[in-house]
Amino acid sequence: MVLEKLLASFRGPKLRRQLTSDEGPGKVYQANLVEATGDKFISVIRFCMSFTYWTSPVVLTVLYRRGYFSSEGLISIGKFAFSISVIYTVAYITRGFGRYSNADYLTFLSVLSAAQKSLTQQNKKMLARYDFEFCAWPVDWRMGENGEVKKIHQQISKPKLTEFNISNLPQRILGYLAVHTFGRRMLYPGATALINSLVGPVLSQNRASLIEEKQGKRAKLLSADGNEIDVLFVDRRHSGNQNGKTLVVCCEGNAGFYEIGCTVTPLEGGFSVLGWNHPGFSGSTGIPLPSQEQNAVDAVMQYAINSLGFTPDNIAVFAWSIGGYTASWVAMNYPDLKYIVIDATFDDVVPLAQARMPEYFENFVEFTVRSYLNLDIAEQLIRSDPTGVKLYSNRGNYLLIKLLQHRYPCIVDDSTLAVLADWLARLKPQQEDLWQTHEVDEDECLAKIRSYIRSNSDTFPCNIGEGYSEEEKKKMTLYLASRYMVDFDSTHCNPLPASFFKTPWTPDSEDQPKFL
């Protein structure tokens, strides 16, 4: 029994805090001197290893110039690495003995052990009192365990340039190496050990606030590809607020976490909220590649439907920045989704990647991104059109243009693109001047759209605009742009205020917003 507890102390997860519960107020876990010393050495060594990895081109250059790639130099490096491994081992053992002598940690271990053996509601309630390394948390829900809700299972097709042939094999190999060394880490820095170690304490503190103040419930989902997905659910269905009956699934940015990300906006609006972390972010395992991102958000949606009891028509998706990729994938694959709201996103990742690389790498960057990191948000949103999913987006000019061109091809065409670009380039007062110049009548535009829907249908693409004069199309273009996009003057990383998180515009809604 003693040996079993000792070994469990060595192998056990890092305990961060005890949360507020019926047993008493929350408090940060106080490690004794022995455990704290061992843990500090382990943390420093891990941080240095991560930092060295990120700066490896510089480190390798310095080592080469100082002659460390000779036989004597490599022996010196080997001795140094051996010394570090010895220090790490000693620190690991020290931490284990420190934990074994801490009564609070042993109490936590007994609760964890019981939950891992049998995750009953009582054991889960006891475990939820602690915040600790999520790798030790037992799986709450597995993909496919209770059957899947019917969805479309759509994927956008890969471009022709990525098709395999022997001539592009060298480019494919170099692209794979680029993606799996620095590429995906530049695209998703939140999945790096460096960022996770830097923000870890803040995540723990904010997660505790969500659980203690908002009655959030944390869970671990197992996706179809075996990744563990860290989620947190705040239930507002019985709050008395009508918004609480709608669940908002939040898709974070490339360095965002549900603890410090866009979940704050729907929470302020009184909605039920389900936050989740990308693969490789915080407690989630895996790598944020497109296929794993899709499997992760699919597991989140199935969990919301099968375990939390929300129907798809009562689920909205809110995405920030690169989260627009998973949000648009959900829109494409869940036809009964209520709506999606996208904040500060983009239409396609290729132009963004090309802008950060030398010009002569342009073709290579396009081939690599299309092959391994093809985040084509606009294409996925266009694919979602036949399902009737509505979009409400602020800041995403290229995305808006592509969406309107697809939905209203007879209105947003070559004759109206210039006026749309002019409108997008202006601030609100100057946009009002443009409206007045073209004498846009909001009631008249809405009446034309409603009349077309009554006579035809509300599906997309919509052929309204056939036979319109150029000036009539310009008026309708400005009207539609104002319905689909709201400009929020802020920096990229500022959260969207709850006042901007609204049900998207539809022609048949009674409460029609006014631009002027």
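None of the values given here were measured: they were computed from a predicted structure.

Caption draft 1: Quick peek at the overall build of the protein chain. Secondary structure summary: the protein chain contains 19 helices and eleven strands in total. Computed over its C-alpha atoms, the radius of gyration of the protein chain comes to 26 Å, within 12% of the 24 Å expected for a compact globule of 516 residues. Here the protein chain holds 516 residues, and the buried ones make up 47% of them. At a minimum sequence separation of 6, the contacts of the protein chain that also span at least 24 residues come to 75%.

Caption draft 2: Fine view of the nonpolar core. Counting 84 residues, the largest nonpolar core has Leu 274, Tyr 408, Tyr 479 and Leu 480 as the members making the most contacts within it. When residues in this core are grouped by element, the largest group, eight residues, is from helix H10 (residues 290-306). Each residue touching Leu 274, except ones within four places of it in the same chain, is listed here: Val 231, Leu 232, Phe 233, Leu 247, Val 248, Val 249, Cys 250, Val 300, Tyr 303, Ala 304 and Leu 308. Of all hydrophobic cores here, the second largest spans 22 residues; its members include Leu 210, Cys 262, Ala 316 and Phe 488.

Caption draft 3: Just the side chain of Asn 277, in detail. Mapping Asn 277 onto the fold places it in the loop between strand S8 (272-276) and H10. Take Asn 277: its relative accessible area is 0%, and that puts it in the buried class. Non-local contacts of Asn 277, meaning those with residues more than four positions away in its chain, are made with Ile 229, Asp 230, Gly 256, Phe 257, Tyr 258, Glu 259, Ser 282 and Ser 284.

Caption draft 4: Structural detail: helix H5 (residues 103-117). Along its 15 residues, H5 runs 21 Å from first to last C-alpha, staying within 8% of the 21 Å computed at 1.5 Å per residue. Looking at H5, one finds that the buried residues are Tyr 105, Phe 108, Leu 109, Val 111, Leu 112 and Ala 115. The buried residues of H5 occupy one face: seen down the axis, they fall within an arc of 170°. Among the exposed residues of H5, those pointing more than 90 degrees away from its buried face are Ala 103 and Lys 117.

Caption draft 5: How the structure looks around the sheet that holds strand S1 (residues 15-18). Taken in spatial order, the three strands line up as S2-S1-S3 in an open sheet, and their pairing is antiparallel. Looking at the sheet topology across the chains shown, the edges are occupied by strand S2 (27-28) and strand S3 (130-132). Sheet analysis places S1 next to S2, joined by two bridges and oriented antiparallel. Note that in S2 the partner of Arg 17 across the bridge is Val 28. Against the sheet, H5 engages S1, S2 and S3, with an angle of about 90° to S3.

Caption draft 6: Main features of a nonpolar patch on the surface. On the surface, Leu 60, Tyr 64, Tyr 68, Phe 69, Leu 74 and Ile 77 cluster together into a nonpolar patch covering about 580 Å² of accessible area. Listing elements by their share of the nonpolar patch, those giving two or more residues are helix H3 (56-65) and helix H4 (71-100). With respect to the helices and strands, Phe 69 occurs in the loop between H3 and H4. Looking at Phe 69, the relative accessible area reads 42%, which means it is partly exposed.

Caption draft 7: Looking closely at the confidence of the model for the protein chain. Of all residues in the protein chain, 92% attain a pLDDT of 70 or more, and the chain-wide mean is 88. Note on residues 386-395: pLDDT is under 50 here. Beyond four places in sequence and across chains, it has 50 contacts.

Caption draft 8: Expanded view of the pairing of S1. Note that S1 and S3 share three bridges and pair antiparallel. Residue pairing for S3: Arg 17 is matched across the bridge by Asp 131.

Cut-off values and rules
Residues numbered from 1 in each chain as written. Predicted model: local features only at pLDDT ≥ 70, side-chain atom pairs only at ≥ 80, totals over all residues. Heavy atoms only, no water. Helix = DSSP H or I, 4+ residues; strand = E, 2+ residues; numbered from the N terminus. Rg over C-alpha atoms; globule rule 2.2 N^0.38 Å. Buried < 20%, exposed > 50% of the residue type's maximum accessible area, 1.4 Å probe, protein only. Contact = heavy atoms within 4.5 Å. Core = buried A, V, L, I, M, F, W, Y, C linked by side-chain atoms within 4.5 Å. Expected span 1.5 Å × (residues − 1). Arc of directions from axis to C-beta. Pairing = 2+ DSSP bridges. Axes fitted to C-alpha atoms, helices over the stretch in contact; angles between N-to-C directions. Patch = residues over 30% accessible without salt bridge, like charges linked within 9 Å, V, L, I, M, F, W, Y side chains within 5 Å. Areas by Shrake-Rupley, 256 points an atom, 1.4 Å probe, with all protein chains shown as cover. Salt bridge = Lys/Arg side-chain N within 4 Å of Asp/Glu carboxyl O. pLDDT = per-residue confidence, 0-100.

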